[in-house]
Amino acid sequence: MEFVYFVEANALSLMLGLWLALTIKKEGSLRASNQIFFRMAICTTVVLALEAACSLVNGRPGNSFYIANIILNAVRLILAAYASQTWLLYTLHFLRPKQTLPRRIRKMIFIPFLIVAAFVALSVFTHWVFYVDKYTNLYTRGKFCFIHMIATYGYFGNAANYALIKMLRSRCRYSNKMCCTNFLVFVVMPVASGAVNLMNPYLNIIWVFLLISLFLIFTRVQFSQIVLDGLTGVNNRNCFDNYLYSISADKPFSACLFMMDINSFKEINDSFGHPEGDQALEQTAKIISQIFKDENCMIARYGGDEFAVLAVSPEPFRKVDANAEALRLALYKAFAEYNSSSSKPYELTLSAGYAYMIGRGEADAQQLIRASDIDLYNEKQRIHRSNYS
């Protein structure tokens, strides 16, 4: 009965792994993280298939089954080590998407895998990591099997440790759905599966857990494409509108809304090209996110070169605009500091307007947008006059 459950679980996991691999391959994305995701899905699926094959030949009489048992287990162990180092690479790429992993680091990550692969290959003759009894055809772990375990779980452990440190340093709020997914996928899943495997060394449930993690990542990525702006990485207009509606629908709210746009953005596009304009938008989103990182607010690309920041008080009638003017000045200062150190042939500046409202319902929410737009217009006129006075 246990064998039947094992086969069913592996069959379901195999179908999930193949579906993930084919889906990500069909998208045809050239991003490094997607390429690594594809390798992860394929490797994990193949490891599960090899485990199923090993269980079918293990203990069966006959020389052909004996040879198959040795070859299948050797390939399985090598591929398991490769999959675990690929998981660490994917964790680094996924949690730092804007940064390229140095080649030196990639080589260092690859070295333990090469050592383990050599040990496993030699074990066919030396029985260091594993061996198959010639008479019973039963798989047994060798006296140096801990080398494979240290490497495999070392990769998973380092990935979980990096993910945890990254989230703590970014002051990620655990009420945030994205952060909860990251914590579950990159920390809880590897640690939990490792603990289960330590209690029962022959129960390699980690690969099933890994496929579940990949599915959660895939779901999160698909969701982020719906709610996030593809260029800047902040929330998109649709997400902003839904959030504003959710906090104002038939209930009192207290909110402060910043509306911002880049000054002379059309000139940047016309003079230096759209790729340079895209970089200007990315840099603007980065500076805005830095200034508002300690505030309880939503940052969104409102459209074109416009950005919006919405701060909502958890208490319906609590004033939330006390810092508004200070934040506007901090934004201007941050852009001035960026321009002083930038080698760009243009200055990147923006205008920011804000409005505060205690209101109720969608009509008041729309009035808040109009009020902040008016303040933005007045601010742009003020900046224009000061530049030509």
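Residues numbered from 1 in each chain as written. Predicted model: local features only at pLDDT ≥ 70, side-chain atom pairs only at ≥ 80, totals over all residues. Heavy atoms only, no water.

Please explain the overall build of the chain as it appears in this structure.
Secondary structure summary: the chain contains 12 helices and six strands in total. When the 389 residues of the chain are sorted by exposure, 43% land in the buried category. Across the chain, contacts joining residues at least 24 apart in sequence account for 72% of those joining residues at least 6 apart. Here the chain displays about 20900 Å² of accessible surface, and carbon together with sulfur accounts for 61% of that area. (Helix = DSSP H or I, 4+ residues; strand = E, 2+ residues; numbered from the N terminus. Buried < 20%, exposed > 50% of the residue type's maximum accessible area, 1.4 Å probe, protein only. Contact = heavy atoms within 4.5 Å. Areas by Shrake-Rupley, 256 points an atom, 1.4 Å probe, with all protein chains shown as cover.)

Just to check I follow, could you spell out the packing of aromatic side chains for this structure?
For any two aromatic rings, the description comes down to two numbers: the centre-to-centre distance and the angle of the planes. Using the criterion set out here, one finds 13 aromatic pairs in the structure. When the centroid spacing of 5.3 Å and the interplanar angle of 70° are considered together, the rings of Phe258 and Phe292 count as edge-to-face. One end of the pair, Phe258, is in strand E3 (residues 252–262); the other, Phe292, is in the loop between helix H10 (274–291) and strand E4 (297–303), with 34 residues separating them in the sequence. Each of the two residues, Phe258 as well as Phe292, counts as buried. (Phe/Tyr/Trp six-rings, centres within 6.5 Å; stacked < 30°, edge-to-face > 60°.)

Would you mind showing me how to read the pattern of salt bridges here?
Any two side chains of opposite charge can pair, so long as their charged atoms come close to each other. The tally for this structure, following the rule as stated, stands at nine salt bridges. For Asp270, the salt bridge goes to Lys266, with nearest N and O atoms at 2.7 Å. With Asp270 and Lys266 both in helix H9 (residues 265–272) and four residues apart, the pair spans about one turn of that helix. Both residues of the pair, Asp270 and Lys266, belong to the exposed class. Glu325 is the salt-bridge partner of Arg328, the closest N and O atoms lying 2.8 Å from each other. (Salt bridge = Lys/Arg side-chain N within 4 Å of Asp/Glu carboxyl O.)

What is the right way to look at the pairing of strand E5 (residues 306–312) in this model?
On a regular strand, one side chain projects to one face of the sheet and the next to the other, so that they alternate. Along E5, five of the seven residues are buried, which leaves the element largely enclosed by surrounding structure. Where E3 and E5 come together, seven bridges link them in antiparallel fashion. Within E5, the position partnered with Asp261 by the bridge is Glu306. Bridge count between E4 and E5: six bridges; the pairing is antiparallel. Within E5, the residue paired with Arg301 across the bridge is Phe307. Hairpin remark: E4 followed by E5, antiparallel, with two residues in the connecting loop; positive phi at Gly304, about 60°. (Pairing = 2+ DSSP bridges.)

Which parts of the structure should I look at to understand the nonpolar core?
As a rule of thumb, nonpolar side chains are buried together in soluble globular proteins. Trp87, Tyr90, Phe130, Phe186, Trp207, Leu214 and Ile217 are the most contacted members of the largest nonpolar core, which totals 52 residues. Elements that contribute at least two residues to this core include exactly helix H1 (2–27), helix H2 (32–57), helix H3 (63–95), helix H4 (103–126), strand E1 (130–132), helix H5 (145–169), helix H6 (177–199) and helix H7 (206–227). If one sorts the elements of this core by residue count, H3 sits on top with 15 residues. Residue contacts for Phe186: discarding those within four places in its chain leaves Trp87, Tyr90, Thr91, Phe94, Leu95, Ala159, Ala160, Ala163 and Ile217. Counting 29 residues, the second-largest nonpolar core is a separate cluster that includes Ala285, Ala334, Ala352 and Ile383. (Core = buried A, V, L, I, M, F, W, Y, C linked by side-chain atoms within 4.5 Å.)

Help me out: how do you make sense of the side chain of Ser372 in this one?
Tracing the sequence through the fold places Ser372 in helix H12 (residues 361–388). Ser372 gets classed as buried once you look at its relative accessible area, which sits at 0%. The residues touching Ser372, leaving out its near neighbours within four places in the chain, are Leu257, Met259, Gly353, Tyr354 and Ala355.

Looking at this structure, how should I read the packing of H4 against H5?
A pair of packed helices is captured by two measures, namely the crossing angle of their axes and the spacing between those axes. The interhelical angle for the contact between H4 and H5, taken along N-to-C directions, is 155°, at an axis separation of 10 Å. Here H4 is positioned roughly antiparallel relative to H5, judged by the angle of their axes. The chirality of how H4 crosses H5 is left-handed. Counting all contacts with H4, which are made through Ile109, Phe110, Pro112, Phe113, Val116, Phe119 and Val120, the residues of H5 involved are Ile147, His148, Ala151 and Tyr155. (Axes fitted to C-alpha atoms, helices over the stretch in contact; angles between N-to-C directions. Parallel < 35°, antiparallel > 145°, perpendicular 65-115°, else oblique. Left-handed = near helix turned anticlockwise from the far one by under 90°.)

Can you walk me through the side chain of Arg328 in this structure?
Checked against the element boundaries, Arg328 lands in helix H11 (residues 324–341). Of the polar contacts made by the side chain of Arg328, one reaches the backbone oxygen of Ala352; its length is 2.8 Å. Those residues within four positions of Arg328 in sequence are excluded, and the remaining contacts are Phe258, Ala352, Gly353, Tyr354, Asp375 and Glu379. (Polar contact = N/O pair within 3.5 Å; in protein donor to acceptor, adjacent residues only side chain to side chain.)

Just to check I follow, could you spell out the sheet that holds strand E6 (residues 350–360) for this structure?
Note on sheets: strands pair through backbone hydrogen bonds, and any given pair is parallel or antiparallel. One open sheet accounts for four strands, arranged E4-E5-E3-E6; its pairing is antiparallel. Looking at strand neighbours, the two that pair on one side only are E4 and E6, the edges of this open sheet. Averaged over all pairs of adjacent strands, the angle between strand axes in this sheet comes to 20°, irrespective of strand direction. Relative to E5, H10 is tilted by about 15°, and along the sheet it contacts E3, E4, E5 and E6. Each of E3 and E6 touches H11; the most contacted strand, E6, lies at about 160° to it.

For this particular structure, what's the right way to read unusual backbone geometry?
For residues other than glycine, phi is negative in most cases, and the peptide bonds are mostly trans. For His127, which is not glycine, the phi dihedral falls at a positive 65°. Mapped onto the elements of the fold, His127 is located in the loop between H4 and E1. In the Ramachandran plot, Asn137 falls in the positive-phi region, its phi being about 60° despite a non-glycine side chain. Checked against the element boundaries, Asn137 lands in the loop between E1 and strand E2 (139–141).

Hey, could you run me through H10 in this one?
Side chains of residues three or four places apart in an α-helix project in the same direction, reflecting 3.6 residues per turn. Across its 18 residues, H10 extends 26 Å between first and last C-alpha, which sits within 8% of the 26 Å expected from 1.5 Å per residue. For H10, the complete set of buried residues consists of Glu276, Gly277, Ala280, Leu281, Gln283, Thr284, Ala285, Ile287 and Ile288. Those residues of H10 that are buried are in contact with E3, H9, E4, E5, H11 and E6. (Expected span 1.5 Å × (residues − 1).)

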